[in-house]
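# Topology and contacts: notes
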Amino acid sequence: MKLLKVLTPILGLAMCTLSLSSQATIIIDSHSVAFNFETFNLERDYNPVKWTPDVGDQTTRTKKAQNRTVSLAKFDSSLGQLQGVNIWFDSIWSLTSKVGSYDQRNNPKPASGKGRSISNQSVSLFIDPDKEVIKNHEVIVTKCKALDSCRETETETGAFDGSFDLGVFDMADFMGLGSLDFTVRRFLTADLLKCGFKDRCWEGNSNNAWSGNIHVDYTYYVPEPSTLLLMSLGLIGLGASRLRRRLH
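Residues numbered from 1 in each chain as written. Predicted model: local features only at pLDDT ≥ 70, side-chain atom pairs only at ≥ 80, totals over all residues. Heavy atoms only, no water.

## Observations regarding the overall build of the protein chain
If you tally the helices and strands in the protein chain, you get 2 helices and 11 strands. Sequence-ordered secondary structure for the protein chain, helices as α and strands as β, is α-β-β-β-β-β-β-β-β-β-β-β-α. The long-range fraction of contacts in the protein chain, counting pairs at least 24 apart against all pairs at least 6 apart in sequence, stands at 86%. Only carbon and sulfur atoms are counted for the fraction: they give 53% of the accessible area of the protein chain, which is about 14,300 Å². (Helix = DSSP H or I, 4+ residues; strand = E, 2+ residues; numbered from the N terminus. Contact = heavy atoms within 4.5 Å. Areas by Shrake-Rupley, 256 points an atom, 1.4 Å probe, with all protein chains shown as cover.)

Structure (structure tokens):
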């Protein structure tokens, strides 16, 4: 009986020690959402009647703005305690610039033209779009020159990837029943920079597809079942010890 009195508090303390030393399970919950901008043909055709020769490079442009809003679920706090958030995106783009020129005079003269295609791309996190915007800027300049007429086409492709700095936010910004909203935006521009004397010219921005994925990782932890069991046993042991002291 005396031995039991001695062992009971020791057992309780041992159980509590084991429960506190047990590590929680770390879990990474990953989500992703796709976005896509299909090819859009944007052209700038120039009527030479309005062109002022011998002035140097002149710009006449046309633009197209496109926006997408995509969303990811916020962290469900019932799963565990949120420890960290990581948000990034990966995407691929293509861009083609086409310039053309032809001479409109009766006697053949060299035709020439110069233009550029521009794609301004950005991804922003709606929590604070002024701070969390990642931008990409692609430009292709083309020029051509030949007798009677000319045409030149250049195409480039590349990757546009980024990761958000979330140090300015609190964990509470990523928790709840709402969603994390992202604005994916691009501005396409077709510039006709130069056209030969009495030539008719055009600049085209085409093959300008852009697509990708936005990803979020929520890192959180939950107690292991064995940890909860050990903690319960420890509390039971301590309770039994106190009860015996009261009875004796």
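Anyway, onward from the coordinates.
## Here's the deal with the packing of aromatic side chains
Under the definition given, this model contains 9 aromatic pairs. Consider the rings of F89 and F160, whose centres lie 5.2 Å apart with planes at 80°: the pair is edge-to-face. One end of the pair, F89, is in strand β4 (residues 81-103); the other, F160, is in the loop between β7 (149-159) and β8 (162-163), with 71 residues separating them in the sequence. Judged by relative accessible area, which is 1%, F89 ranks as buried. Seen from their ring centres, F89 and F164 are 6.2 Å apart, and the 50° between their planes marks the pair as tilted. Note that F89 is positioned in strand β4 and F164 in the loop between β8 and β9 (179-195), a separation of 75 residues in sequence. Like F89, the residue F164 is buried in the burial classification. Counting every residue linked through ring pairs, the aromatic cluster contains F35, F37, F89, F160, F164, F182 and W210. (Phe/Tyr/Trp six-rings, centres within 6.5 Å; stacked < 30°, edge-to-face > 60°. Buried < 20%, exposed > 50% of the residue type's maximum accessible area, 1.4 Å probe, protein only.)

## Observations regarding the state of the cysteines
What the rule picks out here adds up to 2 disulfides. At a sulfur-sulfur separation of 2.2 Å, the disulfide partner of C144 is C150. Measuring handedness by torsion sign, the sulfur bridge of C144 and C150 sits at about 45° and is right-handed. Exposure class is identical for C144 and C150. Each is buried. A disulfide bridge connects C195 with C201, and the sulfur atoms are separated by 2.0 Å. Between C195 and C201, the disulfide has an S-S torsion of 85° and is therefore right-handed. The exposure class of C201 is buried, given its relative accessible area of 0%. Sequence-ordered numbering of the bonded cysteines in the protein chain gives a disulfide pattern of 1-2, 3-4. (Disulfide = S-S within 2.5 Å.)

## Regarding the confidence of the model for the protein chain
Residues at a pLDDT of 70 or more form 74% of the protein chain, whose mean pLDDT is 81. This model gives residues 9-21 a pLDDT under 50, and the stretch forms 16 contacts once residues within four places in sequence are excluded. For residues 51-58, every residue scores under 50 in pLDDT, and the model assigns this stretch 16 contacts once sequence neighbours within four places are set aside. (pLDDT = per-residue confidence, 0-100.)

## Some details on the nonpolar core
Core analysis: the biggest nonpolar cluster contains 30 residues, and I87, F164, F174, F182 and I214 have the highest contact counts within it. Of all the elements in the fold, those that place two or more residues in this core are β1 (25-37), β3 (60-73), β4, β5 (110-125), β6 (133-147), β9 and β11 (210-222). (Core = buried A, V, L, I, M, F, W, Y, C linked by side-chain atoms within 4.5 Å.)

## Notes on the pairing of β5
Bridge analysis of β5 against β6 gives 15 bridges, and the strand direction is antiparallel. Counterpart to S124 in the pairing with β6 is V133. Taken together, the 13 bridges between β5 and β9 define a ladder with antiparallel strand orientation. Within β9, the residue paired with S122 across the bridge is R185. (Pairing = 2+ DSSP bridges.)

## A look at the side chain of R186
The topology assignment puts R186 in strand β9. Comment: no salt bridge for buried R186; closest opposite-charge side chain is E38, at 8.4 Å. Within the structure, the side chain of R186 is placed 2.9 Å from the backbone oxygen of E38, a separation counted as a polar contact. Here the side chain of R186 touches Q66 through a polar contact of 2.7 Å, side chain to side chain. When residues no more than four places from it in sequence are discounted, the contact partners of R186 are F37, E38, F40, K64, A65, Q66, N120, Q121, N208, A209 and W210. (Lys, Arg positive; Asp, Glu negative; His and termini not counted. Salt bridge = Lys/Arg side-chain N within 4 Å of Asp/Glu carboxyl O. Polar contact = N/O pair within 3.5 Å; in protein donor to acceptor, adjacent residues only side chain to side chain.)

## Brief notes about unusual backbone geometry
Here the phi dihedral of D148 falls at roughly 75°; this positive angle occurs in a residue that is not glycine. By the element assignment, D148 lies in the loop between β6 and β7. For N207, which is not a glycine, the phi torsion comes out positive at approximately 50°. Note that N207 resides in the loop between β10 (199-206) and β11. When its relative accessible area of 32% is taken as the criterion, N207 is described as partly exposed.

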